[in-house]
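What follows is each chain in one-letter form.
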Amino acid sequence: MNSAEPIERLTDEASLQLDERGHLCHLLTLKGLERPLMTEILDDAENYLTAPGDLPARSRSMVGRTVANLFFEPSTRTRASFDLAGKRLGADVLNLDVNTSSRKKGESILDTIYTLEAMQVDVMVVRDASAGVPAYIARHVQPHVSILNAGESDVSHPTQGLLDVLTIRQHKGIFENLAVAIVGDIRHSRVAMSAAQALTTLGVGELRLISPPVMAPDPDAVPGARIMDNLGDGLEDADVVMALRIQRERIGNLDGIPGIDEYFANFGISHESMKRAKPDAIVMHPGPMNRGIEIEGSLADGPNSVITQQVTNGVAVRMAVLDRVSKTMATRN
Ligand code: CP
(Lines give C-alpha, C1' and ligand atoms only; values in the text may rest on other atoms or scores of the structure.)
Protein backbone atom coordinates (compact mmCIF):
# COMPACT_ATOMS: atom_id res chain seq x y z
CA MET A 1 0.00 0.00 0.00
CA ASN A 2 1.29 3.45 -0.88
CA SER A 3 1.13 5.47 2.36
CA ALA A 4 -0.04 8.51 0.34
CA GLU A 5 -3.26 6.70 -0.56
CA PRO A 6 -6.03 7.39 1.96
CA ILE A 7 -8.03 4.24 2.61
CA GLU A 8 -11.42 4.90 4.12
CA ARG A 9 -12.57 2.04 6.34
CA LEU A 10 -16.11 0.87 5.75
CA THR A 11 -18.36 0.19 8.69
CA ASP A 12 -20.26 -2.46 6.83
CA GLU A 13 -18.04 -4.43 4.50
CA ALA A 14 -20.40 -7.39 4.80
CA SER A 15 -23.15 -5.66 2.81
CA LEU A 16 -20.72 -4.76 0.03
CA GLN A 17 -19.90 -8.40 -0.64
CA LEU A 18 -23.45 -9.48 -1.48
CA ASP A 19 -25.53 -8.31 -4.39
CA GLU A 20 -29.17 -7.29 -4.13
CA ARG A 21 -30.22 -10.98 -4.37
CA GLY A 22 -27.85 -12.02 -1.58
CA HIS A 23 -25.38 -13.65 -3.96
CA LEU A 24 -21.67 -13.43 -3.20
CA CYS A 25 -19.92 -10.97 -5.52
CA HIS A 26 -16.83 -10.25 -3.36
CA LEU A 27 -15.42 -12.07 -0.33
CA LEU A 28 -14.13 -9.37 2.03
CA THR A 29 -14.96 -10.68 5.50
CA LEU A 30 -16.66 -13.53 7.31
CA LYS A 31 -18.27 -11.06 9.70
CA GLY A 32 -21.92 -10.95 8.80
CA LEU A 33 -21.73 -13.82 6.30
CA GLU A 34 -24.78 -15.79 7.27
CA ARG A 35 -24.69 -19.42 8.28
CA PRO A 36 -26.61 -20.86 5.29
CA LEU A 37 -24.27 -19.19 2.78
CA MET A 38 -21.18 -20.17 4.76
CA THR A 39 -22.43 -23.76 4.95
CA GLU A 40 -23.12 -23.82 1.19
CA ILE A 41 -19.54 -22.71 0.49
CA LEU A 42 -18.19 -25.45 2.77
CA ASP A 43 -20.42 -28.04 1.08
CA ASP A 44 -19.25 -26.88 -2.35
CA ALA A 45 -15.63 -27.15 -1.19
CA GLU A 46 -16.18 -30.77 -0.10
CA ASN A 47 -17.12 -31.55 -3.70
CA TYR A 48 -13.67 -30.43 -4.86
CA LEU A 49 -11.82 -32.90 -2.61
CA THR A 50 -10.53 -36.19 -3.96
CA ALA A 51 -8.77 -39.08 -2.24
CA PRO A 52 -4.99 -38.82 -1.70
CA GLY A 53 -3.24 -40.16 -4.80
CA ASP A 54 -6.21 -39.48 -7.06
CA LEU A 55 -6.12 -36.66 -9.58
CA PRO A 56 -7.33 -33.32 -8.18
CA ALA A 57 -10.87 -32.25 -8.97
CA ARG A 58 -11.29 -30.06 -12.04
CA SER A 59 -14.12 -28.24 -13.71
CA ARG A 60 -14.50 -25.87 -16.63
CA SER A 61 -16.71 -23.39 -14.82
CA MET A 62 -14.22 -20.54 -15.20
CA VAL A 63 -13.03 -21.12 -18.74
CA GLY A 64 -12.62 -17.70 -20.35
CA ARG A 65 -12.38 -15.94 -16.99
CA THR A 66 -9.17 -14.35 -15.72
CA VAL A 67 -8.00 -14.33 -12.10
CA ALA A 68 -5.19 -12.02 -10.95
CA ASN A 69 -3.26 -12.71 -7.76
CA LEU A 70 -2.08 -9.44 -6.22
CA PHE A 71 -0.06 -10.22 -3.13
CA PHE A 72 1.46 -7.11 -1.59
CA GLU A 73 2.67 -9.23 1.35
CA PRO A 74 4.50 -12.59 1.24
CA SER A 75 2.55 -15.83 0.93
CA THR A 76 3.12 -19.47 0.09
CA ARG A 77 -0.14 -21.31 0.84
CA THR A 78 -2.78 -18.73 -0.04
CA ARG A 79 -1.15 -17.56 -3.24
CA ALA A 80 -0.29 -21.07 -4.50
CA SER A 81 -3.75 -22.37 -3.66
CA PHE A 82 -5.58 -19.51 -5.39
CA ASP A 83 -3.32 -20.12 -8.40
CA LEU A 84 -4.14 -23.84 -8.47
CA ALA A 85 -7.81 -23.24 -7.68
CA GLY A 86 -8.21 -20.87 -10.62
CA LYS A 87 -6.38 -23.19 -13.01
CA ARG A 88 -8.35 -26.25 -11.88
CA LEU A 89 -11.55 -24.36 -12.72
CA GLY A 90 -10.20 -23.56 -16.18
CA ALA A 91 -9.45 -19.85 -15.63
CA ASP A 92 -6.42 -17.95 -16.89
CA VAL A 93 -4.40 -16.99 -13.82
CA LEU A 94 -2.06 -14.02 -13.64
CA ASN A 95 0.37 -13.88 -10.72
CA LEU A 96 1.55 -10.28 -10.64
CA ASP A 97 5.08 -9.99 -9.31
CA VAL A 98 4.60 -7.00 -7.06
CA ASN A 99 8.34 -6.51 -6.57
CA THR A 100 8.84 -5.89 -10.28
CA SER A 101 5.51 -4.16 -10.90
CA SER A 102 5.01 -0.46 -11.54
CA ARG A 103 3.84 -0.02 -7.94
CA LYS A 104 7.58 0.18 -7.26
CA LYS A 105 7.58 3.28 -9.49
CA GLY A 106 4.88 4.95 -7.41
CA GLU A 107 1.77 3.77 -9.24
CA SER A 108 -1.23 3.81 -6.91
CA ILE A 109 -3.11 0.68 -6.03
CA LEU A 110 -6.22 1.93 -7.86
CA ASP A 111 -4.25 2.66 -11.02
CA THR A 112 -2.87 -0.87 -10.79
CA ILE A 113 -6.41 -2.21 -10.41
CA TYR A 114 -7.77 -0.11 -13.30
CA THR A 115 -4.90 -1.34 -15.49
CA LEU A 116 -5.80 -4.95 -14.79
CA GLU A 117 -9.51 -4.21 -15.30
CA ALA A 118 -8.63 -2.86 -18.74
CA MET A 119 -7.05 -6.26 -19.50
CA GLN A 120 -10.41 -7.88 -18.67
CA VAL A 121 -9.39 -9.44 -15.39
CA ASP A 122 -12.54 -10.75 -13.73
CA VAL A 123 -11.36 -11.67 -10.23
CA MET A 124 -8.64 -9.96 -8.20
CA VAL A 125 -7.25 -11.79 -5.20
CA VAL A 126 -5.71 -9.21 -2.88
CA ARG A 127 -3.37 -9.48 0.11
CA ASP A 128 -2.22 -6.24 1.70
CA ALA A 129 -0.64 -5.09 4.97
CA SER A 130 -3.07 -2.17 5.33
CA ALA A 131 -6.53 -2.53 6.82
CA GLY A 132 -9.41 -1.72 4.50
CA VAL A 133 -7.67 -2.33 1.17
CA PRO A 134 -9.87 -5.18 -0.19
CA ALA A 135 -13.09 -3.24 0.51
CA TYR A 136 -11.58 -0.04 -0.87
CA ILE A 137 -10.78 -1.81 -4.12
CA ALA A 138 -14.20 -3.49 -4.20
CA ARG A 139 -15.86 -0.08 -4.05
CA HIS A 140 -13.91 1.13 -7.06
CA VAL A 141 -14.06 -1.78 -9.51
CA GLN A 142 -16.69 -2.28 -12.19
CA PRO A 143 -19.77 -4.26 -11.12
CA HIS A 144 -18.70 -7.42 -12.94
CA VAL A 145 -15.28 -7.56 -11.23
CA SER A 146 -14.91 -9.54 -8.04
CA ILE A 147 -12.47 -8.89 -5.18
CA LEU A 148 -11.35 -11.69 -2.86
CA ASN A 149 -9.57 -10.85 0.39
CA ALA A 150 -6.48 -13.08 0.70
CA GLY A 151 -5.27 -11.54 3.97
CA GLU A 152 -5.87 -8.00 5.23
CA SER A 153 -3.50 -6.65 7.87
CA ASP A 154 -4.52 -8.04 11.28
CA VAL A 155 -8.19 -7.72 10.34
CA SER A 156 -9.37 -10.59 8.22
CA HIS A 157 -8.39 -13.69 6.23
CA PRO A 158 -11.76 -15.08 5.18
CA THR A 159 -10.74 -18.03 3.01
CA GLN A 160 -8.41 -19.16 5.81
CA GLY A 161 -11.33 -19.00 8.24
CA LEU A 162 -13.43 -21.10 5.86
CA LEU A 163 -10.78 -23.76 5.37
CA ASP A 164 -10.26 -23.92 9.13
CA VAL A 165 -13.94 -24.54 9.89
CA LEU A 166 -14.15 -27.03 7.01
CA THR A 167 -11.28 -28.99 8.57
CA ILE A 168 -12.93 -28.91 11.99
CA ARG A 169 -16.26 -30.01 10.51
CA GLN A 170 -14.60 -32.95 8.75
CA HIS A 171 -13.21 -34.24 12.05
CA LYS A 172 -15.79 -33.21 14.59
CA GLY A 173 -19.10 -32.86 12.75
CA ILE A 174 -21.30 -30.37 14.53
CA PHE A 175 -19.86 -27.30 16.22
CA GLU A 176 -22.30 -26.85 19.08
CA ASN A 177 -20.56 -29.28 21.46
CA LEU A 178 -17.00 -28.25 20.69
CA ALA A 179 -14.45 -26.39 22.78
CA VAL A 180 -12.00 -24.73 20.38
CA ALA A 181 -8.77 -23.23 21.74
CA ILE A 182 -6.79 -20.77 19.62
CA VAL A 183 -3.39 -20.12 21.13
CA GLY A 184 -0.74 -17.49 20.47
CA ASP A 185 -0.56 -13.99 19.09
CA ILE A 186 -4.29 -13.40 18.85
CA ARG A 187 -4.06 -9.60 18.83
CA HIS A 188 -2.15 -9.41 15.55
CA SER A 189 -3.74 -12.41 13.85
CA ARG A 190 -6.18 -12.03 10.97
CA VAL A 191 -6.44 -15.83 11.01
CA ALA A 192 -7.77 -15.75 14.58
CA MET A 193 -10.29 -13.03 13.70
CA SER A 194 -11.71 -14.90 10.71
CA ALA A 195 -11.70 -18.25 12.53
CA ALA A 196 -13.52 -16.66 15.47
CA GLN A 197 -16.13 -15.13 13.16
CA ALA A 198 -16.71 -18.40 11.29
CA LEU A 199 -16.87 -20.50 14.46
CA THR A 200 -19.31 -18.08 16.09
CA THR A 201 -21.55 -18.09 13.03
CA LEU A 202 -21.53 -21.90 12.98
CA GLY A 203 -22.52 -22.02 16.66
CA VAL A 204 -19.34 -23.29 18.34
CA GLY A 205 -19.91 -24.41 21.92
CA GLU A 206 -16.95 -22.55 23.43
CA LEU A 207 -14.22 -20.45 21.88
CA ARG A 208 -11.11 -19.81 23.98
CA LEU A 209 -8.47 -17.32 22.88
CA ILE A 210 -5.28 -17.94 24.84
CA SER A 211 -2.26 -15.66 24.76
CA PRO A 212 0.16 -13.68 26.90
CA PRO A 213 -1.64 -10.47 27.96
CA VAL A 214 0.49 -8.45 25.52
CA MET A 215 -0.98 -10.49 22.64
CA ALA A 216 -4.59 -10.57 23.87
CA PRO A 217 -7.31 -9.29 21.52
CA ASP A 218 -9.66 -6.39 22.02
CA PRO A 219 -12.67 -8.14 23.62
CA ASP A 220 -15.04 -6.12 21.42
CA ALA A 221 -13.44 -7.72 18.36
CA VAL A 222 -14.33 -11.24 19.49
CA PRO A 223 -17.73 -11.15 21.20
CA GLY A 224 -18.59 -14.36 23.02
CA ALA A 225 -15.02 -15.68 23.19
CA ARG A 226 -13.24 -16.42 26.48
CA ILE A 227 -9.99 -14.48 26.60
CA MET A 228 -7.47 -16.42 28.70
CA ASP A 229 -3.80 -16.16 29.61
CA ASN A 230 -3.18 -19.61 31.09
CA LEU A 231 -2.44 -22.31 28.54
CA GLY A 232 -3.23 -25.29 30.76
CA ASP A 233 -6.65 -23.95 31.69
CA GLY A 234 -7.31 -22.97 28.08
CA LEU A 235 -6.54 -26.44 26.75
CA GLU A 236 -8.57 -28.31 29.38
CA ASP A 237 -10.78 -30.83 27.53
CA ALA A 238 -10.42 -28.90 24.27
CA ASP A 239 -11.59 -30.67 21.09
CA VAL A 240 -9.61 -28.46 18.74
CA VAL A 241 -6.30 -26.67 19.38
CA MET A 242 -5.01 -24.13 16.89
CA ALA A 243 -1.52 -22.66 17.31
CA LEU A 244 -0.65 -19.27 15.82
CA ARG A 245 2.66 -17.75 14.80
CA ILE A 246 3.90 -14.57 16.49
CA GLN A 247 3.18 -11.91 13.82
CA ARG A 248 6.45 -10.03 14.27
CA GLU A 249 5.86 -8.05 11.07
CA ARG A 250 2.80 -6.46 12.68
CA ILE A 251 4.23 -5.80 16.14
CA GLY A 252 5.71 -2.31 16.19
CA ASN A 253 7.37 -2.48 19.58
CA LEU A 254 8.68 -5.89 20.65
CA ASP A 255 9.11 -4.74 24.28
CA GLY A 256 7.22 -7.09 26.56
CA ILE A 257 7.15 -9.91 24.01
CA PRO A 258 8.47 -13.03 25.77
CA GLY A 259 11.72 -14.61 24.55
CA ILE A 260 11.51 -17.83 22.55
CA ASP A 261 12.22 -20.24 25.42
CA GLU A 262 9.83 -18.47 27.78
CA TYR A 263 7.16 -18.31 25.09
CA PHE A 264 7.42 -22.01 24.24
CA ALA A 265 7.41 -22.96 27.94
CA ASN A 266 4.23 -20.97 28.63
CA PHE A 267 2.33 -20.93 25.34
CA GLY A 268 3.89 -23.58 23.12
CA ILE A 269 1.60 -26.37 21.91
CA SER A 270 3.50 -29.53 22.73
CA HIS A 271 2.93 -33.19 23.59
CA GLU A 272 3.12 -32.09 27.22
CA SER A 273 0.65 -29.20 27.03
CA MET A 274 -1.76 -31.28 24.89
CA LYS A 275 -2.20 -33.70 27.83
CA ARG A 276 -4.82 -31.23 29.14
CA ALA A 277 -6.85 -31.45 25.89
CA LYS A 278 -9.10 -34.36 24.94
CA PRO A 279 -7.13 -37.38 23.67
CA ASP A 280 -8.71 -37.06 20.22
CA ALA A 281 -8.21 -33.30 20.00
CA ILE A 282 -7.01 -32.17 16.60
CA VAL A 283 -3.97 -29.90 16.25
CA MET A 284 -4.18 -27.09 13.71
CA HIS A 285 -1.88 -24.35 12.44
CA PRO A 286 -2.55 -21.99 9.52
CA GLY A 287 1.13 -21.86 8.58
CA PRO A 288 3.79 -20.77 8.20
CA MET A 289 4.95 -22.55 11.36
CA ASN A 290 7.83 -21.62 13.57
CA ARG A 291 8.63 -25.03 15.01
CA GLY A 292 9.89 -24.90 18.58
CA ILE A 293 8.30 -21.52 19.24
CA GLU A 294 4.52 -21.84 19.05
CA ILE A 295 4.38 -25.58 18.27
CA GLU A 296 6.56 -28.64 18.90
CA GLY A 297 7.73 -30.02 15.56
CA SER A 298 6.94 -33.67 16.29
CA LEU A 299 3.40 -32.70 17.35
CA ALA A 300 2.90 -30.84 14.09
CA ASP A 301 3.91 -34.04 12.25
CA GLY A 302 2.02 -36.39 14.58
CA PRO A 303 -1.24 -38.35 14.24
CA ASN A 304 -3.49 -35.66 15.74
CA SER A 305 -2.18 -32.97 13.41
CA VAL A 306 -4.46 -31.86 10.57
CA ILE A 307 -2.13 -29.14 9.33
CA THR A 308 -1.54 -30.58 5.86
CA GLN A 309 -5.26 -31.29 5.54
CA GLN A 310 -5.87 -27.59 6.17
CA VAL A 311 -3.64 -26.87 3.17
CA THR A 312 -5.51 -29.36 0.97
CA ASN A 313 -8.82 -27.87 2.08
CA GLY A 314 -7.49 -24.43 1.18
CA VAL A 315 -7.46 -25.28 -2.52
CA ALA A 316 -10.99 -26.69 -2.33
CA VAL A 317 -12.36 -23.69 -0.44
CA ARG A 318 -10.77 -21.28 -2.90
CA MET A 319 -12.23 -23.25 -5.81
CA ALA A 320 -15.65 -23.02 -4.16
CA VAL A 321 -15.33 -19.25 -3.64
CA LEU A 322 -13.99 -18.58 -7.15
CA ASP A 323 -16.74 -20.69 -8.70
CA ARG A 324 -19.39 -18.91 -6.66
CA VAL A 325 -18.30 -15.35 -7.46
CA SER A 326 -17.83 -16.18 -11.13
CA LYS A 327 -21.41 -17.51 -11.24
CA THR A 328 -22.60 -14.27 -9.62
CA MET A 329 -20.61 -12.25 -12.19
CA ALA A 330 -22.13 -14.19 -15.05
CA THR A 331 -25.52 -12.84 -14.04
CA ARG A 332 -24.20 -9.25 -13.84
CA ASN A 333 -22.56 -9.05 -17.26
N1 CP B 1 -1.98 -19.29 6.18
C2 CP B 1 -1.47 -18.41 5.30
O3 CP B 1 -2.06 -17.38 5.00
O4 CP B 1 -0.26 -18.79 4.78
P5 CP B 1 0.54 -17.97 3.68
O6 CP B 1 1.00 -16.69 4.33
O7 CP B 1 1.69 -18.86 3.29
O8 CP B 1 -0.38 -17.68 2.53
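Heads up: the structure comes first, above all this text.
Residues numbered from 1 in each chain as written. Predicted model: local features only at pLDDT ≥ 70, side-chain atom pairs only at ≥ 80, totals over all residues. Heavy atoms only, no water.

Draft legend 1. Representation of the site of the ligand within the structure. Every residue near the ligand is listed here: Ser75, Thr76, Arg77, Thr78, Arg127, His157, Gln160, Pro286 and Gly287. Here a nitrogen atom of the ligand sits 3.1 Å away from a polar atom, N or O, in the main chain of glycine 287. When grouped by side-chain class, the residues that make up the shell around the ligand number 1 nonpolar, 6 polar and 2 charged. (Near = heavy atom within 4 Å. Polar contact = N/O pair within 3.5 Å; in protein donor to acceptor, adjacent residues only side chain to side chain. Nonpolar A, V, L, I, M, F, W, Y, C, P; charged D, E, K, R; others polar.)

Draft legend 2. Quick look at the nonpolar core. Grouped together as the largest cluster of nonpolar side chains are 61 residues, with contacts concentrated most on Val123, Leu148, Leu162, Ile182, Leu207 and Leu322. Here the element with the most residues in this core is helix H11 (residues 307–330); it accounts for 9 residues. Of the residues that make up this core, three or more belong to each of domain 1 (14–153 + 312–332) and domain 2 (158–302). For leucine 148, the contacting residues outside a window of four places in its chain are His26, Leu27, Phe82, Val123, Met124, Val125, Val126, Val321, Leu322 and Val325. Residues Leu231, Ile246, Tyr263 and Ala300 belong to the second largest nonpolar core, which totals 25 residues. (Core = buried A, V, L, I, M, F, W, Y, C linked by side-chain atoms within 4.5 Å. Buried < 20%, exposed > 50% of the residue type's maximum accessible area, 1.4 Å probe, protein only. Helix = DSSP H or I, 4+ residues; strand = E, 2+ residues; numbered from the N terminus. Domains from an automatic or database assignment. Contact = heavy atoms within 4.5 Å.)

Draft legend 3. Quick peek at the packing of helix H3 (residues 77–88) against H11. Put simply, H3 and H11 touch, their axes get as near as 8 Å, and they point 50 degrees apart. Overall, the two elements H3 and H11 adopt an arrangement that is oblique. Judged by the twist between their axes, the crossing of H3 over H11 is right-handed. Along the contact surface, H3 presents Arg77, Thr78, Ser81, Phe82, Leu84, Ala85, Gly86 and Arg88, while H11 presents Val311, Gly314, Val315, Arg318, Met319 and Leu322. (Axes fitted to C-alpha atoms, helices over the stretch in contact; angles between N-to-C directions. Parallel < 35°, antiparallel > 145°, perpendicular 65-115°, else oblique. Left-handed = near helix turned anticlockwise from the far one by under 90°.)

Draft legend 4. Quick look at the sheet that holds strand S3 (residues 123–128). Pairing is parallel across the open sheet formed by 4 strands, whose spatial order is S2-S1-S3-S4. Strands at the two margins of the open sheet, each flanked by one partner only, are strand S2 (92–95) and strand S4 (146–152). For this sheet the average axis-to-axis angle between neighbouring strands, irrespective of direction, equals 15 degrees. In this sheet, S2 lies alongside strand S1 (residues 66–71) in parallel orientation, the contact comprising 4 bridges. Each residue of the ladder has a partner; that of asparagine 69, found in S2, is asparagine 95. Of the strands in this sheet, S1, S2 and S3 touch helix H4 (residues 109–118), which is tilted by about 160 degrees from S3. (Pairing = 2+ DSSP bridges.)

Draft legend 5. Examining the pairing of S1 more closely. Summarising burial for S1: 6 of the 6 residues are buried, a large majority. Read as a crossover between parallel neighbours, the route from S1 over H3 to S2 is right-handed. (Right-handed = clockwise from strand over helix to strand, strands pointing away.)

Draft legend 6. Spotlight on the pattern of salt bridges. Applying the stated rule across the entire model yields 19 salt bridges. Residue arginine 169 pairs with glutamate 46 through a salt bridge whose shortest N-O separation is 3.5 Å. Of the two residues, arginine 169 is situated in helix H6 (residues 158–172) and glutamate 46 in helix H2 (residues 35–46); the sequence distance between them amounts to 123 residues. Glutamate 206 is paired through a salt bridge with arginine 226; the nearest N and O atoms lie 2.6 Å apart. (Salt bridge = Lys/Arg side-chain N within 4 Å of Asp/Glu carboxyl O.)

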